[in-house]
Each structure stands twice: as structure tokens, then as C-alpha cells.
Amino acid sequence: MPEKIEETLKKLAADTSKAGSTTESGARKSNTQLGDPNCPHCNGIGYLRRELPLDHPQFGKLEICSCRDAAVRDRIRSRLFQFSHLDKLKQLTFETFNPKGRTGLGELQQASLENAHNLARDFAKSPNGWLFIQGRFGCGKTHLAASIANESVTNGTPTLFITVPDLLDSLRFTFNDKSISFENRFNEIRQAPLLILDDFGTQSVTEWAKEKLFQILNFRYINLLPTVITTNLVLGEIDGRLRSRLEEHRMVRHIKINAPDYRRKDDERGQHELSSLVQHEKQTFGTFNLRQSERMLHDDVKSLDTAFRVTQAYSEDPSGWIVISGLHGCGKTHLAAAIANYRASLGHQVMFIGTPDLLDHLRATFNPSSTTSYDRLFDEIRNSRLLVLDDLKTKNASSWAREKLIQIIDYRYNSNLPTVITTADEFENLDPSIQSRIRDERLTRILTISAPAFRGKRNRKVKR
């Protein structure tokens, strides 16, 4: 608060302690006119002291007169605007947001962008409740959040837009800043008429930081203050106390953006960074060789043809599990990748990953320099909308690796999540727990390719 106002408050407080006649209908005259000179309540002072019993908790305390509401609101709006640095984000509006995304996006990715745009715009018109926007880096979360802030400010709503790391820094700086106390800054943040927290989850995870964030958001939750949060985290990674607030669907509206990074032109289909599908982009149904010109047994040719037709039909509407077994090089990875590529071309999220790579990525999260938590990565894998697990084997796996694979497969089995598995092992060599899942005919279609490894040879007659 400006020094002049502080001095005025002290003077008024001293005056009111000496004279008890100032009431809600009038105020003592003062040389300092903060309110409307013609106000019948404060006579221009701008503050009131109500007549209350001595034991009342508000006895002797000054209150801002109603004649100053507009001026106070304007000052709050101006201060929050400066604090938010919204002048640097003025180009981020709903008009400059492209709800179709860039060229080449799939139907579902475009739909998620349009839905996010529409819901954010509706919220900006009438901020009510909370908006929780999830998505990967560069998908448009910050643009939408800043658009809400800019429109809300234009509509007259005092708005604080701030990244979570900056928020925590602003609190820490008050310890060495004589111009504002920690309590004032803390209250300024948690009581903002509209609070927009960008990049939740990129902050340090100290106990102090977690406690301050919880206090801010819990205050706003209890007092039903409109709040917008953007994050690239999944709910499972968020502190349990905050997660319970965010899971309150009567108050919190969730928006998930599935689009890729708008700034990365090489990230065409927005697949998970763990997915190795880009390495198999040429393995489609159109490039699959049914090998009818090779000299193979009729049953071998038939097994290839059956696997091709079944996987092609599955790609149109993935439901249940497909398990493709066969020798290395028989074509099972090609068909699994063809399913994944087709779904990705429609804009669906697909996790295509080899079993050894999956385990390596999980182990890497234990490295102190890792920027990804184990819990987050494990959750993203087992909850993938479509998981293609290539080259499954457990015979020589460590007990830890076997346990992780069982957990993933068991979770997807119980959740009935679409899954494609390829394996070169005999089923008897797989862990018994995994065997029991993939042999369940209610869920799984097993395709056994008996054809030998493809060697690229052509122009041979088929042996009948």
C-alpha cells in the first residue's frame, strides 16, 4: 500500500481512538480527502468506524467507505495487471489462438483444441469455479490462460496471471523487501478476484513451496474464488491435498489438450516422447508384404493373411487385446506398428514401445538428474489410450523388471484398455501371471504367425 495511504490510515486510527462519535452515518472531517467529498457517510474521508460493542472483534477497526469502491477496485486492478506483466502478453488473446491447430493434426487433436478454446472463452465471460487445463509443452495452455486474463481485465475483473515459480519467488523476495510484507503479498495473491496459475508443476518441490501453494489454493477453494491452473502433470503427480480439491468435479472443470507442441514442426502427430513410433512410420498396412510369391506352406501364408485382416479391422476400432506371436522377422512388429500408425494418423494418442526400452526408461527415472518422475512415467504408460508393447519377454528378466511388466499388464487387463502385444517367446516361457491375462479369450485375440522370417526374396512360387 502506498506510504501516503499508510500515513492517512495511522492518522485516522489515532483520531478515531480519541473520538467515539464517528459512526456509520458520518465521519470526522479531515484535511485528507480520499473519498467523495459529498458522501453522506464518510464526508470525504473514505473510511468509516462503525458503532459496535466493545467486545466485538471489529470494534475500532476502519472500513473503506462504499464511495471508494470503484477507486479501490481500479487500484487493485492496476496493481494486479502490473504484477502479472500482462502488458507483455497482450498479443495472447482468443482472437490470435488457432483452435484448429497447425496443418496436419488429426481429428481428435483438433477437437481437443476447439473444446479447450470454447470452454476457456465461456469461462472468461463469466469466471466461476475452477478451470484445470492439462497438456504437453507448447500445446496452447498458456495462450488460453493469458487469453482468459486479458479478456477478464478488459471486462473489469481484477486478475492476477502468474507462473507458479514466479509466484513462489515473489513470496520469497518479500523477506528482503521493505516495501511490502510477506503477509500483504500472500493475501494479495490468495484473495485476487481471479487467479490464473500457469505452469503448475514446474516449481521446486520443497515442503515450504508445497505448503504455500496448498494454503493459497485451499483458501480459494473454501471461498469459491475463480481460479485457472495450467499444467503438464497428471493428477497422480500432484500433492494429495491439492489433488483432492482438483478432483471435486462440481467445482473444477477439467480440460485436456491432446495437440502436439505448436512450435515444433517436426512433432507432427504429437505422440508421447517415449513412443518409438516415428522409427516405424513406414510400417503401414499399405507397405505390408503378404509374401504370396514366396515358396511357403499354405498354412504359413494363411497365418499371415489372417493376421493382416484381423489387425487391419482392429485398427479401425481398437477394443480388447491383440497378441501377435511368431519368429523374429515374421512381420508381427510391422503389423503392430501399422495399427499404431493408423490410429496416430487419426489424431489418437498411441504408446508404441519395445519392452527393453520401456524398462530402461523406467530405470532412468531413478537417476538424480532425471527430470521425469517414476510415478508419472509409469502412470502414463499403463494408462495409455492404446499401448503397443513390442517384443514382450520375461524369461531372463530380473524380478524387478518382471514385476513392472506384470503391474502394467494387470492394470490394463482389469481396466480393459486396448493393448497390442508382440512376442517371439513361447507362451510357456512368459511369466504365469502374464500368461493368464493374454490367454483370456474373453479379452484377447491371439494371432500366431507361422511364417518364417522375411528375407526380402521375391518371385518364388507358393508351395501348396
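About the criteria used
- Residues numbered from 1 in each chain as written.
- Predicted model: local features only at pLDDT ≥ 70, side-chain atom pairs only at ≥ 80, totals over all residues.
- Heavy atoms only, no water.
- Pairing = 2+ DSSP bridges.
- Helix = DSSP H or I, 4+ residues; strand = E, 2+ residues; numbered from the N terminus.
- Axes fitted to C-alpha atoms, helices over the stretch in contact; angles between N-to-C directions.
- Contact = heavy atoms within 4.5 Å.
- Parallel < 35°, antiparallel > 145°, perpendicular 65-115°, else oblique.
- Nonpolar A, V, L, I, M, F, W, Y, C, P; charged D, E, K, R; others polar.

Caption draft 1: Focus on the sheet that holds strand 12 (residues 444–449). Strand order in this open sheet of five strands is 9-10-11-8-12, and the pairing throughout is parallel. Of all strands in the sheet, those with a lone pairing partner are strand 9 (351–354) and strand 12, marking the two edges. Across the sheet, the mean angle from the axis of one strand to that of its neighbour is 10°, orientation sign disregarded. Of the strand pairs in this sheet, strand 8 (residues 321–326) and strand 11 (residues 419–423) are connected by five bridges, and their pairing is parallel. Counterpart to Ile324 in the pairing with strand 11 is Thr422. On top of the sheet, helix 13 (residues 399–415) reaches strand 8, strand 10 (387–390) and strand 11; it is set at about 135° to strand 8, its chief contact.

Caption draft 2: A look at the packing of helix 11 (residues 355–364) against helix 13. Running from amino to carboxyl end, helix 11 crosses helix 13 at an angle of 105°, the nearest separation of the two axes being 11 Å. By the angle class used here, helix 11 and helix 13 are roughly perpendicular. Within the contact between the two elements, helix 11 uses Thr355, Leu358, Leu359, Leu362 and Arg363 and helix 13 uses Trp400, Ala401, Lys404, Leu405 and Ile408. A class-by-class count of the residues in the contact of helix 11 with helix 13 yields seven nonpolar, one polar and two charged.

Caption draft 3: Looking closely at the environment of Leu417. When you line up the elements, Leu417 lands in the loop between helix 13 and strand 11. As for Leu417 and Trp321, which are separated by 96 residues in sequence, their C-alpha atoms are 7.9 Å apart.

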